[in-house]
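What the coordinates show
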Amino acid sequence: MSPPEHTPASAGTVDAAASARSDAPGPPAEAAPSVAPRDPFGLAGKVALVTGSSQGIGRATARVLAQAGAHVVISSRKQEACAQVAAELQAEGLSAEAAACHIGRMEDIAQMAARLRARHGGLDILVNNAVLSPWRTIDATDPALFAKTVDVDLRGYWFLSVEAAKLMTARGGGSIVNISSLAALHPERMLGLYSTLKTALIGMSRAFAQEYGAAGIRVNTVLPGLIRTPLADAFDPDTQRRAIDKMPLGRLGLPEEIGYAVRYLSSPAAAFVTGASLVIDGGMSIGAL
Ligand SMILES: NC(=O)c1ccc[n+]([C@@H]2O[C@H](COP(=O)([O-])OP(=O)(O)OC[C@H]3O[C@@H](n4cnc5c(N)ncnc54)[C@H](OP(=O)(O)O)[C@@H]3O)[C@@H](O)[C@H]2O)c1
């Protein structure tokens, strides 16, 4: 079992001021942490699952979490690609394993939950990041493609989070970070369904944050702008140039710059942060708003 994010009050660390407040009206003193953690951004002893971590933002995020001390489970549809990333991290002295999971398949989600329970006794951090992003007009999005995309981009996020919440509840809490997109706020042409589901993810994070807060589970959303990954490389150079022109910082984001946000949101430093949405877009949305 991994250590809690903060030393509990029962460990005898309640400060004098908190004791003096114990008779005062208001929420119970034990609801708040009594001491600051020694390493507020550290993740030592935590087990983190990052979906879609065979490349792009997921891979960079897994590395950042491992550098912070977590054991990371590298996951995507392809076991071989995951094994390669896990080996890369291990070669850097980081703690990682590979476990394929197609998040559009309910049986894969159940198997992943069983694996985490058997090998690690639970889970502390879930980063829902894998994506299916069909490049179509709304008119050309037929019911079969609609269902397939929803199965990955919403149903997969939802039911993996439900399983994760069970594993986290048994450990006294945890962190779920859902990777949405700036497209959730400013829908992209040709990415109508993707944009719609990224908006739904913000609602999903808030609903889960509401329901699981009492179990110590925090649920937050990150909204990246244009980040240098294979997905962004699919945009033609003109589209990329136009996007960069709208960014006060004048460049694409780096995948690890999303990873750093996920690290913060998953760490004790963010112990009071839940239901939040964090835009990381080089300032692009300032102009778009
Ligand atoms: N790049 C950007 O500019 C940008 C901007 C805004 C938001 N985002 C969001 O950031 C996240 C990561 O984007 P990215 O650019 O890093 O994407 P990417 O480079 O296309 O990587 C997607 C990852 O998801 C995996 N994957 C795809 N379908 C899967 C499934 N059904 N089950 C499990 N894994 C699956 C892929 O691996 P396999 O093929 O091995 O399964 C791959 O590892 C996404 O949620 C995306 O919407 C990205």
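Details of the structure are given in the entry above.
Residues numbered from 1 in each chain as written. Predicted model: local features only at pLDDT ≥ 70, side-chain atom pairs only at ≥ 80, totals over all residues.

1. Considerations on the site of the ligand
Basically, it comes down to this: Should the C-beta atom of a residue, placed from the backbone, lie within 6 Å of a molecule or strand, that residue is near it. Strands are runs of DSSP state E lasting at least 2 residues, helices are runs of H or I lasting at least 4, and numbering of each runs from the N terminus. For this classification, Asp, Glu, Lys and Arg are treated as charged, while Ala, Val, Leu, Ile, Met, Phe, Trp, Tyr, Cys and Pro are nonpolar and the rest, including Gly, are polar.
Around the ligand sit 28 residues, and of these Gly 52, Gly 56, Arg 77, Ala 130 and Leu 231 come closest. Those elements that provide at least two residues to the shell around the ligand are helix H2 (56–67) and helix H7 (230–233). Residue composition of the shell around the ligand, by class: 14 nonpolar, twelve polar and two charged.

2. Some remarks on the sheet that holds strand S2 (residues 71–75)
Put simply, the test is: When DSSP finds at least two bridges between two strands, those strands are taken to pair. Axis definition: a line fitted to C-alpha atoms, over the contacting stretch in the case of helices. Angles run 0 to 180 degrees between N-to-C directions. Throughout, a pair of residues is in contact if the C-beta atoms placed from their backbones lie within 7 Å.
Sheet architecture is open: seven strands sit in the order S3-S2-S1-S4-S5-S6-S7, paired in parallel fashion. With partners counted over all chains shown, the strands left at the sheet margins are strand S3 (95–98) and strand S7 (277–280), one partner each. Each neighbouring strand pair of the sheet contributes to a mean axis angle of 20°, computed without reference to strand direction. As paired strands, S2 and S3 are joined by four bridges and run parallel to one another. Looking across to S3, one finds that Ile 74 is bridged to Ala 98. The strands that H2 touches are strand S1 (47–51), S2, S3, strand S4 (125–128), strand S5 (174–179) and strand S6 (217–224); relative to S1, the one it contacts most, it runs at about 170°. Across the sheet, helix H6 (residues 192–212) touches S5, S6 and S7, and the angle it forms with S6 is around 165°.

3. Things to note about the pairing of S3
Test applied: Burial is judged by counting other C-beta atoms within 10 Å of a residue's own C-beta: 20 or more means buried, 12 or fewer means exposed, and anything between counts as partly exposed, with every C-beta placed from the backbone. Call a crossover right-handed when, viewed with both strands pointing away from you, the route from the first strand across the helix to the second goes clockwise.
Only one face of S3 is buried, namely the one carrying Ala 96 and Ala 98, since none of Ser 95 and Glu 97 on the opposite face is buried. Following the chain from S2 across helix H3 (residues 79–91) to the adjacent parallel S3, one finds a crossover that is right-handed.

4. Some points on helix H9 (residues 255–266)
This is how it is decided: To estimate the expected span of a helix, count its residues, drop one, and scale the result by 1.5 Å.
When the terminal C-alpha atoms of H9 are compared, their 17 Å separation across twelve residues agrees well with the 16 Å that a helix rising 1.5 Å per residue should span. Those residues of H9 hidden inside the fold are in contact with H2, S4, S5, S6 and S7.

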